[in-house]
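Here is how the chains run, residue by residue.
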Amino acid sequence: MFAEENGLDGDPRIKAISDAIRVVPHFPKPGIMFQDITTLLLDPKAFRYAVDIFVDRYKDKKISVVAGVEARGFIFGPPIALAIGAKFVPLRKPRKLPGEVISEAYVLEYGTDCLEMHVGAVQPGESVLIVDDLVATGGTLSAAIRLLERVGAEVVECACVIGLPVVKGNWRLKGVPLYVLVEPRLDDLVHSQLNNFQINLPVPIMNEPYEVMQKNLM
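To start, this report covers the structure provided alongside it. What you see is a predicted model, and the numbers here were worked out from it, not measured in a lab. (Residues numbered from 1 in each chain as written. Predicted model: local features only at pLDDT ≥ 70, side-chain atom pairs only at ≥ 80, totals over all residues. Heavy atoms only, no water.)

One open sheet holds the six strands; their spatial order is β4-β3-β7-β8-β10-β9, and the pairing between them is mixed. Lying at the two open borders of the sheet, with one neighbouring strand each, are β4 (87-91) and β9 (172-173). In terms of strand pairing, strand β3 (residues 65-69) meets β4 through five bridges, oriented parallel. Paired with Gly-68 across the strands is Pro-90, a residue of β4. (Pairing = 2+ DSSP bridges. Helix = DSSP H or I, 4+ residues; strand = E, 2+ residues; numbered from the N terminus.)

Written out as structure tokens, the structure is:
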């Protein structure tokens, strides 16, 4: 669900977070409206708002592990973990961790990828929050859920700063609740064209097909 559906409708912090995210049209390829969170990080107030909203949601849920998905989950995950008294565990791409790892592969639009975690980083029965910056199709988060469940952890929720409108309502990833702060933004040119009926939706937001999202959001 989105934060605005869970008691934060009209909260000025949500607008501040959304406004701080830059849209880069046609990156990394034509037709993609890239959601750039680096501008959010340049705004200390908006960055703090994002972290605070997550902390308020999870501080009393007895979460012992915050797992951040490479790479931007490494930005939002650690401050949340510190604030709620949990340890932070990085979920990395292949061959980035020096110790013994457990791996989980997942399918992309063109090929496959993999997430890895150090063996022993998460213990059976631990309660885990998964953090990333954006959910598009849910493929990466679903792989993270599978990876953590394989070691006996309980994934409490997945938390993302940005999510497509299709995840509004009681959406779940492989049965795990999903919590999102804001929808993707469109650039001013697209908004102008939409207002003048010069283009038709949908405007591609991420480089993965909608059908893949439907498979993961169950």
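Moving on from the model shown.
Residues in a regular strand project their side chains so that they alternate between the two faces of the sheet. The buried count for β3 comes to five of five residues, which makes it a mostly enclosed element. Burial along β3 is two-sided: the residues Val-65, Ala-67 and Val-69 and Val-66 and Gly-68 are all buried. For the handedness criterion, the β-α-β arrangement of β3, helix α4 (residues 73-84) and β4 is classed as right-handed. Bridge count for β3 against strand β7 (residues 127-135) is four bridges, and the pairing is parallel. In the sheet register, Val-65 faces β7, and the bridge partner there is Val-128. (Buried < 20%, exposed > 50% of the residue type's maximum accessible area, 1.4 Å probe, protein only. Right-handed = clockwise from strand over helix to strand, strands pointing away.)

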